[in-house]
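What follows is each chain in one-letter form.
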Amino acid sequence: MSGPLWTVDAMVAAMRAERAGALPDAIGGISIDSRSVAPGEAFFAIKGDTHDGHGFVGAAFKNGAGLAVVAESKRGEITADGPLLVVPDVLAGLTDLAGAARARASAKVIAVTGSVGKTSTKEALRLALARDGETHASVASFNNHWGVPLSLARLPEQARYGIFEIGMNHAGEITPLTRLVRPDVAIITTIAPVHLEFFKSVDEIADAKAEIFLGLVAGGAAVINRDNPQFARLKRSAAKAEVARVIGFGEHARAEARLIRCALQPEGSTVEADIMGTRVAYKIGAPGKHLVLNSLAVLAAAQLAGADLALAALALAEQRPAAGRGTRISLAVPGGGALLIDESYNANPLSMRAAFALLGQAPVGARGRRIAVLGDMLELGAAGAELHRELAGSIRDNGIDIVFCAGPLMEALWQALPSERRGGYAKDAETLQAEVLAAVSGGDAVMVKGSFGSRMGSIVKGLVRRYPVSAASDLAPAQG
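The rules we used
- Residues numbered from 1 in each chain as written.
- Predicted model: local features only at pLDDT ≥ 70, side-chain atom pairs only at ≥ 80, totals over all residues.
- Heavy atoms only, no water.
- Axes fitted to C-alpha atoms, helices over the stretch in contact; angles between N-to-C directions.
- Helix = DSSP H or I, 4+ residues; strand = E, 2+ residues; numbered from the N terminus.
- Left-handed = near helix turned anticlockwise from the far one by under 90°.
- Contact = heavy atoms within 4.5 Å.
- Nonpolar A, V, L, I, M, F, W, Y, C, P; charged D, E, K, R; others polar.
- 1 Å grid on protein atoms, 1.4 Å probe; cavity = no way out; pocket = protein on both sides within 12 Å on 5 of 7 lines; lining within 4 Å.
- Points joined across faces, edges and corners; volume = space filled by probe spheres on them.
- Pairing = 2+ DSSP bridges.
- pLDDT = per-residue confidence, 0-100.
- Phe/Tyr/Trp six-rings, centres within 6.5 Å; stacked < 30°, edge-to-face > 60°.
- Buried < 20%, exposed > 50% of the residue type's maximum accessible area, 1.4 Å probe, protein only.
- Lys NZ or Arg CZ within 6 Å of the ring centre and 35° of its normal.
- Arc of directions from axis to C-beta.

(A) How the structure looks around the packing of helix α15 (residues 429-439) against helix α16 (residues 457-466). Where α15 meets α16, the closest approach of the two axes is 9 Å, and the angle between their N-to-C directions is 35 degrees. With respect to the hand of their crossing, α15 and α16 are arranged in right-handed fashion. Each of A429, L432, Q433, V436 and L437 in α15 lies in contact with α16, whose residues at this interface are S458, I459, G462, L463, R465 and R466. Per-class residue counts for the contact of α15 with α16 are six nonpolar, three polar and two charged.

Structure (structure tokens):
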């Protein structure tokens with residue numbers, strides 16, 4: 001990005017803000033975290049579930065914030081000396097600024113939702129489009145009622161492409177966000193039994209995801225998983241929303257973005273596909289069939305946005321798993337090297353099966369084992385125990401040797417496993433950790449996965465603390 005992100009005059013106009021103090025002419029960025037605010041950025045004092053940003057205005061100024069945006073009702077509590085923009089409500093002000101960012105932008109905007117694969121698809125889009133021009137994308141998983149406005153307000157005026165992830169766990173949450181983003185292209189990666197605690201059926205989940213079509217600009221396109229059982233329902237929702245064009249992606253014979261063939265390897269994949277009439281061969285730098293299929297949506301969206309398809313496909317060779325979403329770590333353990341696959345960021349039935357497939361492809365040493373360390377999948381409602389129990393077949397089919405389970409829901413899976421696959425069970429990740437650390441030996445491939453709330457990341461951290469991270473070459477040679 002060249003030049004400032006916002007002039008203060010433009011911010012005042014967009015947010016109908018009151019000025020206080022010696023304000024700068026412009027700001028270079030926007031932050032809601034006083035710890036990471038960069039010099040010259042605007043700090044928005046948002047009130048979250050656990051912390052109120054107004055209590056951190058002083059810290060933001062100490063770290064170099066150029067100004068702070070605060071609520072009128074909290075102004076009297078601000079003791080720190082620094083320039084302010086005062087608004088009735090800080091989150092509403094940020095949302096207004098996001099709307100102004102979209103209004104001034106000339107970028108082609110792509111929005112991504114789905115039960116699984118939103119963040120990895122968004123990151124693949126970032127890679128694919130950056131080869132063609134300045135590309136802005138939401139960071140991390142900023143996909144909720146504050147993350148989407150924050151990401152959109154950060155969209156530079158001169159960007160050529162903007163990519164935004166939109167999430168939900170209740171009906172009605174996507175609608176205001178997609179109407180704010182107003183995408184040119186909307187992707188739904190897939191529909192799966194996720195957040196069933198808040199929905200009566202998978203049909204209802206599909207309807208909630210289909211809200212993303214309501215924000216599409218005139219002439220916009222929907223990119224939908226053609227292989228998913230909900231495709232027809234989603235297509236009807238798109239038609240009801242008067243979407244100009246629907247592109248299906250997948251292995252289905254009638255998919256406009258169709259997989260012709262692929263070769264899956266432990267570290268990535270090679271792919272041949274037909275993208276809306278153009279045959280493309282490319283590599284993906286991260287493993288997994290799910291990434292192969294979602295790459296079809298990425299390339300279709302790139303084509304629809306007017307990007308160079310060949311450059312977009314070439315860039316996917318640089319794709320890497322995000323932290324906690326398939327990151328591979330080589331550990332030096334007794335008896336040689338071991339592979340740790342960190343999938344601890346989140347989990348649901350579909351992503352669990354994808355992770356088992358990855359573990360099944362992972363290289364192991366001559367005496368190595370494939371070990372799954374699993375925590376509860378949350379927000380599944382009354383079907384939770386059964387959905388956990390049903391994972392036993394996928395564990396068997398992917399040749400996973402030993403399973404460790406943590407959490408009350410995972411007990412259902414534990415009981416469904418044959419005795420030879422049972423590694424250990426505990427009520428929570430903290431209790432299970434010592435048993436897992438003691439079990440790992442040279443040549444093993446260990447995958448750790450669970451919903452964020454199951455805190456399986458603590459086991460990943462425990463393994464990394466106990467066993468030094470080694471070079472990949474320290475791994476025992478792959479067998480079979």
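That shown, we press on.
(B) Looking closely at the side chain of S151. With respect to the helices, strands and loops of the structure, S151 is situated in helix α5 (residues 147-153). Dropping the residues within four chain positions of it, S151 is found in contact with H136, S138, V139, F142 and F164.

(C) Focus on empty space enclosed by the protein. Scanning the model with the defined rule gives one cavity of 30 Å³ or more in all. The space that makes up the largest cavity amounts to roughly 40 Å³. Taken together, S120, T121, A124, L291, N294, S295, V298 and Q319 make up the full set of residues lining the largest cavity. Residue assignment for the lining of the largest cavity shows that the elements contributing at least two residues are α4 (118-130) and α9 (289-304). A total of four residues in the lining of the largest cavity trace back to one element, the largest contributor, which is α9. Of the residues in the lining of the largest cavity, the class split is three nonpolar, five polar and no charged.

(D) Summary view of the sheet that holds strand β7 (residues 84-87). Pairing in this open sheet of five strands is mixed, and the strands run β2-β7-β6-β5-β4 from one edge to the other. At either margin of the open sheet sits one strand with a lone partner, and together these are β2 (18-20) and β4 (30-31). Strands in contact with helix α1 (residues 8-15) are β2, β5 (42-44), β6 (67-71) and β7; relative to β7, the strand with the most contacts, it is inclined by about 10 degrees.

(E) Molecular detail of the confidence of the model for the chain. Taken over all residues, the pLDDT of the chain has a mean of 94, while the share at 70 or more is 97%. Scored below 50 in pLDDT, residues 471-480 makes 19 contacts in the model with residues more than four places away or belonging to other chains.

(F) Molecular detail of the layout of surface pockets. By volume, the second largest pocket amounts to about 220 Å³. Top contributing element to the lining of the second largest pocket by residue count: α16, with three residues.

(G) Representation of the packing of aromatic side chains within the structure. As enumerated under the stated definition, the model contains three aromatic pairs in all. Residues F142 and W146 carry aromatic rings whose centres are separated by 5.1 Å and whose planes lie at 65 degrees to one another, so their mutual orientation is edge-to-face. In this structure F142 comes out as partly exposed when scored by relative accessible area, which is 21%. Lying across the ring of W6, R104 places its NZ or CZ 3.6 Å from the centre. Lying over the aromatic face of W414, R422 brings its terminal NZ or CZ to 5.3 Å of the ring centre.

(H) How the structure looks around helix α8 (residues 231-240). Within α8 the residues assigned to the buried category are F231, L234 and A238. When α8 is viewed along its axis, its buried side chains cluster within an angular range of 65 degrees and face the same direction. In this structure, α8 carries R236, A239 and K240 as exposed residues pointing more than 90 degrees from its buried face. Of the surrounding secondary structure, the elements contacted by the buried residues of α8 are β11 (185-188), α7 (202-209), β12 (221-225) and β13 (245-250). Positioned one or two residues after α8, E242 has a phi angle of 60 degrees, which is positive.

(I) Up close: the pairing of strand β19 (residues 370-375). Most of β19 sits out of view: six of its six residues are buried. The side-chain alternation of β19 yields two buried faces, one formed by R370, A372 and L374 and the other by I371, V373 and G375. Relative to strand β22 (residues 445-449), β19 runs parallel, the two being bridged by five bridges. The residue of β22 that forms the bridge with A372 is M447. Relative to strand β20 (residues 402-406), β19 runs parallel, the two sharing five bridges. Paired with G375 across the two strands is A406, which belongs to β20.

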